[in-house]
Structures are given as structure tokens and as C-alpha cells.
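Chain by chain, the residues:
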Amino acid sequence: MIFGAAKDMLCGGSRCSRPSSGAGSETGGMPLIADAAMRGAEDDRVMKGFHHLDSGDCKSAKAQFDEALTNNFSNIGVRLGLCQALVGLDEVKEAEKTFEAACSLEPGPGYMKSLNRLGIGLWRIESYDLALRAFTRASDINSNDPILYYNMSLVHIVQLQLDEAEILFEKALKLKPDFVEAKQVLEKVSGWKENLADKDK
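Residues numbered from 1 in each chain as written. Predicted model: local features only at pLDDT ≥ 70, side-chain atom pairs only at ≥ 80, totals over all residues. Heavy atoms only, no water.

Asks: Whenever I open this one, unusual backbone geometry confuses me. Can you help?
Replies: Among all residues save glycine, negative phi is the norm, and among peptide bonds the norm is trans. The backbone of aspartate 90 sits at a positive phi, close to 60°, despite the residue not being glycine. Tracing the backbone through its elements, the reader meets aspartate 90 in the loop between α4 (76-88) and α5 (92-103). (Helix = DSSP H or I, 4+ residues; strand = E, 2+ residues; numbered from the N terminus.)

Here it is as C-alpha cells:
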């Protein structure tokens, strides 16, 4: 029940998909290619890669990003795009390697959205540790975005790490007191903690 509730809430169809904080349009019907405006997007292959991601064609996206990397090995935007394509293809081990390579580079402010979106993709395939690292890396770029703390808290929920989730929800609400979704889930966390405590007795 806890897992199902969290799964429905991760930047789902309500305001979370289009937050006022600018965290991006992870699932809300706006094209993923908006992130192609990052550095490296002047390469036509990068733009094509994001177009393919937007249409759900991860195999073609991977081919475009692979090709783009041959010319610009240190482009973090290309690596994050490739990582998302690999996640879509369920090539988790390769996605992990690509993520590590991307994290070894210094991301600029424009990459927060890509890291957040990548974290959501990793969360959906239940690669929770890597998802948490992607959200954390995004929060290193912008520590004032409540959506990132909200997303991190949901990763903790599905792992039944409810104390950690509670702390992150409170951080999100401190940054955005009218964050309705965070308030609603935070209220549920107390009940979930009580249920788990009863089961442990």
C-alpha cells in the first residue's frame, strides 16, 4: 500500500508535473526536448536524441547520444540523455556506468531538470539508490527546489525509510509552505509509521 501510494505521487499528473519552482515537466505532457537547450544542443544529434526520448524511442535516442559522445566525450548533457535512454531500455548496469561518468563532470544550473527527470526514470524501474543519487545531485545544483526534496522523500517511502522521508517532506514544505501534495503525503507518513510499528510488535 505504501509503495502504491508513493508510485502514484511521484511528479504525477497534478501540479507536481509543472511546479512553479521550474523543476521541469517530467511527466506532465510538455516535451522532454526542452532540456535540449542545454550545452551541447547545438549538435544536431543531441537534439535528435531528445526528440527520440520525447517520442519514447529509446533505442534511436541511444544511437544519437552514442554518436554525439564520439565528438564531445565530456558533455554532461549528452551523458544524461544517454543515461535516460539506457534506463528506458532497461540497461540498468550501463545506465549506472553512464551516470557515474556524468557525475564526474561539473554540472551547471541547466542540468538540474535533466537530473530530476533521470531520477524519476530510475525510480520507475526501481533503481532506488541511483534515483536518490540523481535527485541529490540535482539538489546540489539547486538546494532551493522543493520538488527535489519531495521526489527524494518518495524514494525513501518505497524503501520504508519513513523517518528520512519525513525530514525531506518538511524541507520541501519549508521552501514551499503551500505545497499541497507534500502536506498530504506527510500526513500519511505518520499513519504508515504507526502501522509498521504495530506490525513489528
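That was the structure; now back to the text.
Asks: Which parts of the structure should I look at to understand the pattern of salt bridges?
Replies: Pairing between side chains of opposite charge can happen when their charged atoms approach one another. Scanning all chains against the criterion turns up seven salt bridges. For lysine 193, the salt bridge is made with aspartate 163, and the minimal N-O distance between the two is 2.7 Å. You can see lysine 193 sitting in helix α10 (residues 180-200) and its partner aspartate 163 sitting in helix α9 (residues 162-175), a full 30 residues away along the chain. Exposure remark for lysine 193: the relative accessible area of 28% places this residue in the partly exposed category. Aspartate 163 sits in the partly exposed class, given a relative accessible area of 46%. Lysine 193 serves as the salt-bridge partner of glutamate 166, at 2.7 Å between the closest nitrogen and oxygen. Separated by 27 residues along the polypeptide, glutamate 166 in helix α9 and lysine 193 in helix α10 bring together distant segments of the chain. (Salt bridge = Lys/Arg side-chain N within 4 Å of Asp/Glu carboxyl O. Buried < 20%, exposed > 50% of the residue type's maximum accessible area, 1.4 Å probe, protein only.)

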